[in-house]
Amino acid sequence: MKLKVAVIDSGVNQKDSLLKDKEIESLYYTGGKFQSCLISSNMHGTEVVKVLLHEAPDIGLLSVRVLQEDNRCMISAVLKALRYCIDKQVQVINLSLGSCGAGSRRLEEMKKLCDEAEEKGIAVFAANHNIPGKVSYPANFNNVIGINTSEQPDHYCSVSYKDKMVEFSENMVFIPDDSHCVIRKGNSYLCPFIVGLFCQYANGRTIQTELMDGFMRFLDRFAKKQNIHKIFFNKSEIQELQELDGKRILYFADEWDYNNQHIFQIYEKRSVISWCFREIYKKDVRQMEEIFSNADIFFVGALSNEFMYDNAQYLHRLIEFVAKKGIEILMVFPVLNTFDRMHLADELGSNIKSIYK
């Protein structure tokens, strides 16, 4: 049975080509009740859902629109949405939003709803404010897993059991799309990234305190440098770049556009790199064996979105083939989601890194 995840946000545009065949119930609150809502011109919720579905494609979704065009809303709308989601018995709630200025009475109402969600086995995740040091709720309630970006990062990712807070050193997230490249910055996009990881971790199990505690331990292990180093490339760490010095790199990109030329030139200064798309794309195993025989790193460049989505299964097989040969894989965009990369990296003992989340 699929996990039912509620996304309380700006609604979802279900005419988006990547969402039109997905299992999404879309609602908004008006006239004292919740009504159907198939289209939203505010793309925030649509992009949040895309990140979530990239990380956890096999879930059911309830989208509840509360945010207006300016990404603001009344705190009462969030409270009504929380009440509705609890009554609908969803299993996970994603809140890529929060309140910094609500009065104590409203915050008390919100805390009671989060307490009730916890008692009923509903996992609540919320984004903290993007301004460092500015506290928002419900992300900072002790029964909500908050997602934050650290002001002074010591690690790429860190986990606080006491505060139930997950912090990253940066919050640049790839938004799946079939026509153009989108990178967004903000905790609101990190939140569905972590929710998707949780859905994969839960894998149909009943959500209860023990499972949430286990997930925090899972995230703590995930955040350890020796583990996260296998699946993410930390752009701000000089050691990551130095590890490429003198390496033989095969660069795979379907278009030789400005982005790929720029990336290629950066690594050309410190490694032996060659563009290999025509030599690899849909070639037989014998030809593949030959071209990879002298490679240290397979670099999946800035693929066009059309290519990524038309060739999703092919790319998965290609990456698995390369990983089995013990060749490190570095990709600009997360062609494979985080959980799949973790699984393959552990199974095959190879690094399968993405620059963007």
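S.K.: Hey, could you run me through the overall build of the chain in this one?
M.R.: Along the chain, the regular secondary structure elements total 13 helices and 16 strands. A compact globule built from 357 residues would reach a C-alpha radius of gyration of about 21 Å, and the chain, at 21 Å, matches this within 12%. The principal-axis extents of the C-alpha atoms in the chain amount to approximately 65 × 40 × 35 Å. The buried share of the chain, reckoned over its 357 residues, is 55%. Sequence separation of 24 or more characterises 70% of the internal contacts of the chain that already satisfy a separation of 6 or more. Per element, the accessible surface of the chain, about 16400 Å² overall, is 47% carbon and sulfur. The average position of the 43 basic charges and that of the 47 acidic charges among the side chains of the chain differ by 3 Å.

S.K.: I keep staring at the packing of aromatic side chains and nothing clicks. Help me out?
M.R.: Ring pairs (aromatic) are described by centroid distance and by the angle formed between their planes. On inspection of all chains with the given rule, the structure shows 30 aromatic pairs. Between the aromatic rings of Tyr137 and Phe141, the centroid separation amounts to 5.0 Å while the plane-to-plane angle is 35 degrees, which identifies the pairing as tilted. Aromatic side chains Phe198 and Phe215 sit 5.0 Å apart centroid to centroid with 80 degrees between the ring planes, which places their arrangement in the edge-to-face category. Taken as a pair, Phe198 in helix H4 (residues 187–202) and Phe215 in helix H5 (residues 209–223) lie far apart in primary sequence, 17 residues in all. By relative accessible area, which is 0% here, Phe198 ends up buried. Above the face of the Tyr28 ring, Arg65 is positioned so that its terminal group lies 4.5 Å from the ring centre. The ring of Tyr356 carries the charged tip of Lys235 above its face, separated from the ring centre by 5.1 Å.

S.K.: What's the story with the pattern of salt bridges in this structure? I'm lost.
M.R.: Between side chains of opposite charge, a pair can form when the charged atoms approach closely. One pass over the full model with this rule turns up 23 salt bridges. Notably, a salt bridge pairs Lys112 with Glu108, separated by 3.6 Å at the nearest N-O pair. Of this pair, Lys112 and Glu108 are both found in helix H3 (residues 104–119), four residues apart, which corresponds to roughly one turn of the helix. According to the relative accessible area criterion, Glu108 is partly exposed, its value standing at 46%. Residues joined in a network through salt bridges with shared partners are Arg83, Asp87, Glu116 and Lys120.

S.K.: Looking at this structure, I do not really get the sheet that holds strand E14 (residues 297–300). What am I missing?
M.R.: Pairing between the strands of a sheet is mediated by backbone hydrogen bonds and can be parallel or antiparallel. Strand order across the open sheet formed by five strands is E13-E12-E14-E15-E16, with parallel pairing between neighbours. Edge positions in the sheet fall to strand E13 (272–275) and strand E16 (352–354), since each has one partner strand and no second. Here the strands of the sheet are splayed against their neighbours by 20 degrees on average, with no regard to which way each runs. Where E14 and strand E15 (residues 328–331) come together, four bridges link them in parallel fashion.

S.K.: Would you mind going over the nonpolar core with me for this structure?
M.R.: Nonpolar side chains in soluble globular proteins tend to end up buried together. Phe125, Phe198, Leu219 and Phe222 are the most contacted members of the largest nonpolar core, which has 53 residues in total. Residue contacts for Phe198: discarding those within four places in its chain leaves Val92, Ala123, Phe125, Ile207, Leu211, Met212 and Phe215. Listed in part, the 46 residues of the second largest apolar core include Phe264, Cys276, Tyr314 and Leu344.

S.K.: I'm lost on the sheet that holds strand E5 (residues 92–95) in this one. Help?
M.R.: Spatial strand order, E3-E2-E4-E1-E5-E6-E7-E9-E8: nine strands in an open sheet with mixed pairing. At either margin of the open sheet sits one strand with a lone partner, and together these are strand E3 (33–36) and strand E8 (157–160). Each adjacent strand pair in this sheet contributes to an overall mean axis angle of 20 degrees, direction not counted. Across five bridges, the pairing between strand E2 (residues 24–30) and strand E4 (residues 60–65) is parallel.

Scoring rules and cut-offs
- Residues numbered from 1 in each chain as written.
- Predicted model: local features only at pLDDT ≥ 70, side-chain atom pairs only at ≥ 80, totals over all residues.
- Heavy atoms only, no water.
- Helix = DSSP H or I, 4+ residues; strand = E, 2+ residues; numbered from the N terminus.
- Rg over C-alpha atoms; globule rule 2.2 N^0.38 Å.
- Buried < 20%, exposed > 50% of the residue type's maximum accessible area, 1.4 Å probe, protein only.
- Contact = heavy atoms within 4.5 Å.
- Areas by Shrake-Rupley, 256 points an atom, 1.4 Å probe, with all protein chains shown as cover.
- Lys, Arg positive; Asp, Glu negative; His and termini not counted.
- Charge placed at Lys NZ, Arg CZ, Asp CG, Glu CD.
- Phe/Tyr/Trp six-rings, centres within 6.5 Å; stacked < 30°, edge-to-face > 60°.
- Lys NZ or Arg CZ within 6 Å of the ring centre and 35° of its normal.
- Salt bridge = Lys/Arg side-chain N within 4 Å of Asp/Glu carboxyl O.
- Pairing = 2+ DSSP bridges.
- Axes fitted to C-alpha atoms, helices over the stretch in contact; angles between N-to-C directions.
- Core = buried A, V, L, I, M, F, W, Y, C linked by side-chain atoms within 4.5 Å.

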